[in-house]
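A closer look at the structure
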Amino acid sequence: MAEKLPRLKSHEKLLLYLFQHLREKNKIDKLFLFSQDAISTSTGVNVKYLARTAERLKKEALMVEEKRSIPNQRRRKVYFLTPKGEQEARELGPRLADC
(Lines give C-alpha, C1' and ligand atoms only; values in the text may rest on other atoms or scores of the structure.)
Protein backbone atom coordinates (compact mmCIF):
# COMPACT_ATOMS: atom_id res chain seq x y z
CA MET A 1 0.00 0.00 0.00
CA ALA A 2 1.42 3.38 -0.99
CA GLU A 3 2.11 5.90 1.76
CA LYS A 4 -0.06 8.96 1.76
CA LEU A 5 1.89 12.17 1.22
CA PRO A 6 1.25 14.98 3.70
CA ARG A 7 -1.06 17.72 2.59
CA LEU A 8 0.75 21.03 2.57
CA LYS A 9 -0.83 24.10 4.12
CA SER A 10 -0.98 27.26 2.03
CA HIS A 11 1.80 28.99 4.00
CA GLU A 12 4.04 25.95 3.49
CA LYS A 13 3.34 25.96 -0.26
CA LEU A 14 4.18 29.66 -0.43
CA LEU A 15 7.43 29.27 1.53
CA LEU A 16 8.57 26.29 -0.53
CA TYR A 17 7.70 27.98 -3.82
CA LEU A 18 9.65 31.13 -2.97
CA PHE A 19 12.56 29.03 -1.69
CA GLN A 20 12.59 27.01 -4.90
CA HIS A 21 12.96 30.25 -6.92
CA LEU A 22 15.44 31.93 -4.58
CA ARG A 23 18.19 32.12 -7.20
CA GLU A 24 15.97 34.02 -9.65
CA LYS A 25 15.02 36.87 -7.31
CA ASN A 26 17.64 39.27 -8.67
CA LYS A 27 16.98 38.49 -12.34
CA ILE A 28 14.75 41.17 -13.86
CA ASP A 29 13.40 38.77 -16.50
CA LYS A 30 12.32 36.33 -13.78
CA LEU A 31 10.48 38.77 -11.49
CA PHE A 32 7.09 37.52 -12.73
CA LEU A 33 7.81 34.27 -10.82
CA PHE A 34 7.34 36.21 -7.58
CA SER A 35 3.97 37.76 -8.49
CA GLN A 36 0.67 36.69 -6.96
CA ASP A 37 -0.55 35.28 -10.26
CA ALA A 38 2.52 33.10 -10.83
CA ILE A 39 2.58 31.87 -7.24
CA SER A 40 -1.14 31.12 -7.29
CA THR A 41 -0.92 29.23 -10.58
CA SER A 42 2.09 27.17 -9.47
CA THR A 43 0.92 26.34 -5.95
CA GLY A 44 -2.80 25.98 -6.57
CA VAL A 45 -3.59 28.51 -3.83
CA ASN A 46 -6.40 30.92 -4.78
CA VAL A 47 -5.14 34.50 -5.26
CA LYS A 48 -7.46 35.91 -2.58
CA TYR A 49 -6.35 33.31 -0.06
CA LEU A 50 -2.74 33.80 -1.13
CA ALA A 51 -2.98 37.50 -0.23
CA ARG A 52 -4.21 36.63 3.28
CA THR A 53 -1.49 34.04 3.71
CA ALA A 54 1.11 36.55 2.53
CA GLU A 55 -0.08 39.06 5.13
CA ARG A 56 0.39 36.48 7.86
CA LEU A 57 3.88 35.56 6.65
CA LYS A 58 4.83 39.25 6.48
CA LYS A 59 3.67 39.76 10.08
CA GLU A 60 5.81 36.79 11.12
CA ALA A 61 8.79 38.37 9.28
CA LEU A 62 9.12 35.34 6.99
CA MET A 63 8.44 37.26 3.80
CA VAL A 64 8.51 40.79 2.37
CA GLU A 65 6.33 42.40 -0.28
CA GLU A 66 7.59 44.92 -2.83
CA LYS A 67 6.11 46.72 -5.82
CA ARG A 68 8.30 46.09 -8.86
CA SER A 69 8.15 46.80 -12.57
CA ILE A 70 7.91 43.52 -14.42
CA PRO A 71 8.97 43.55 -18.10
CA ASN A 72 5.97 43.95 -20.45
CA GLN A 73 3.55 44.29 -17.51
CA ARG A 74 2.43 46.93 -15.07
CA ARG A 75 3.96 47.29 -11.62
CA ARG A 76 3.00 44.32 -9.46
CA LYS A 77 3.37 43.11 -5.94
CA VAL A 78 6.14 40.57 -5.68
CA TYR A 79 7.13 38.49 -2.67
CA PHE A 80 10.52 37.43 -1.37
CA LEU A 81 11.65 35.40 1.62
CA THR A 82 13.50 37.02 4.49
CA PRO A 83 16.48 35.13 5.98
CA LYS A 84 14.08 33.85 8.65
CA GLY A 85 11.70 32.67 5.89
CA GLU A 86 14.53 30.94 4.05
CA GLN A 87 15.40 29.04 7.22
CA GLU A 88 11.76 28.07 7.78
CA ALA A 89 11.49 26.78 4.19
CA ARG A 90 14.80 24.90 4.53
CA GLU A 91 13.43 23.13 7.61
CA LEU A 92 10.25 22.08 5.77
CA GLY A 93 12.19 19.80 3.39
CA PRO A 94 13.42 17.28 5.97
CA ARG A 95 10.03 17.28 7.72
CA LEU A 96 8.35 16.35 4.44
CA ALA A 97 10.96 13.70 3.69
CA ASP A 98 10.20 12.02 7.04
CA CYS A 99 6.53 11.49 6.11
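Check the entry above for the structure.
Calculation rules
Residues numbered from 1 in each chain as written. Predicted model: local features only at pLDDT ≥ 70, side-chain atom pairs only at ≥ 80, totals over all residues. Heavy atoms only, no water. Axes fitted to C-alpha atoms, helices over the stretch in contact; angles between N-to-C directions. Helix = DSSP H or I, 4+ residues; strand = E, 2+ residues; numbered from the N terminus. Parallel < 35°, antiparallel > 145°, perpendicular 65-115°, else oblique. Contact = heavy atoms within 4.5 Å. Nonpolar A, V, L, I, M, F, W, Y, C, P; charged D, E, K, R; others polar. Left-handed = near helix turned anticlockwise from the far one by under 90°. Buried < 20%, exposed > 50% of the residue type's maximum accessible area, 1.4 Å probe, protein only. Pairing = 2+ DSSP bridges. Salt bridge = Lys/Arg side-chain N within 4 Å of Asp/Glu carboxyl O.

**A few points about the packing of helix H2 (residues 36–43) against helix H3 (residues 47–59)**
Packing of H2 against H3 brings their axes to within 10 Å, and their N-to-C directions diverge by 110°. Looking at the two axes, H2 sits roughly perpendicular to H3. For the pair H2 and H3, contact is made by Gln-36, Asp-37, Ile-39 and Ser-40 and by Val-47, Leu-50 and Ala-51, respectively. Of the residues contributing to the contact of H2 with H3, the split by class is 4 nonpolar, 2 polar and 1 charged.

**Structural notes on the packing of helix H1 (residues 10–20) against H2**
With their axes 10 Å apart at the nearest point, H1 and H2 run at an angle of 110° to one another. It follows that H1 is roughly perpendicular to H2 by the angle criterion. The handedness of the crossing between H1 and H2 is right-handed. Where H1 approaches H2, its residues Lys-13, Leu-14, Tyr-17 and Leu-18 are matched on the opposing element by Ala-38, Ile-39, Ser-42 and Thr-43. By residue class, the composition of the contact of H1 with H2 is 5 nonpolar, 2 polar and 1 charged.

**Observations concerning the pairing of strand E2 (residues 75–81)**
For E2, the tally of buried residues reaches 5 of 7 residues, placing the bulk of the element in the interior. In this antiparallel pair of consecutive strands, strand E1 (residues 63–69) and E2, the connection spans 5 residues, and Asn-72 shows a positive phi of 65°.

**Some details on the pattern of salt bridges**
Oppositely charged side chains may form a pair once their charged atoms are brought near each other. Under the counting rule described, the total for this entry stands at 6 salt bridges. The closest approach of N and O atoms between Glu-55 and Lys-58, which form a salt bridge, is 2.7 Å. One end of the pair, Glu-55, and the other, Lys-58, are both in helix H3, 3 residues apart, so they sit about a helical turn from each other. A relative accessible area of 37% places Glu-55 in the partly exposed class. Glu-86 is the partner of Arg-90 in a salt bridge, and the nearest nitrogen-oxygen pair spans 3.9 Å. Here Glu-86 and Arg-90 lie together in helix H4 (residues 83–97), a separation of 4 residues that amounts to about one turn. The class of Arg-90 is partly exposed, set by a relative accessible area of 41%. Where salt bridges share partners, they join Glu-55, Lys-58 and Glu-65 into one cluster.

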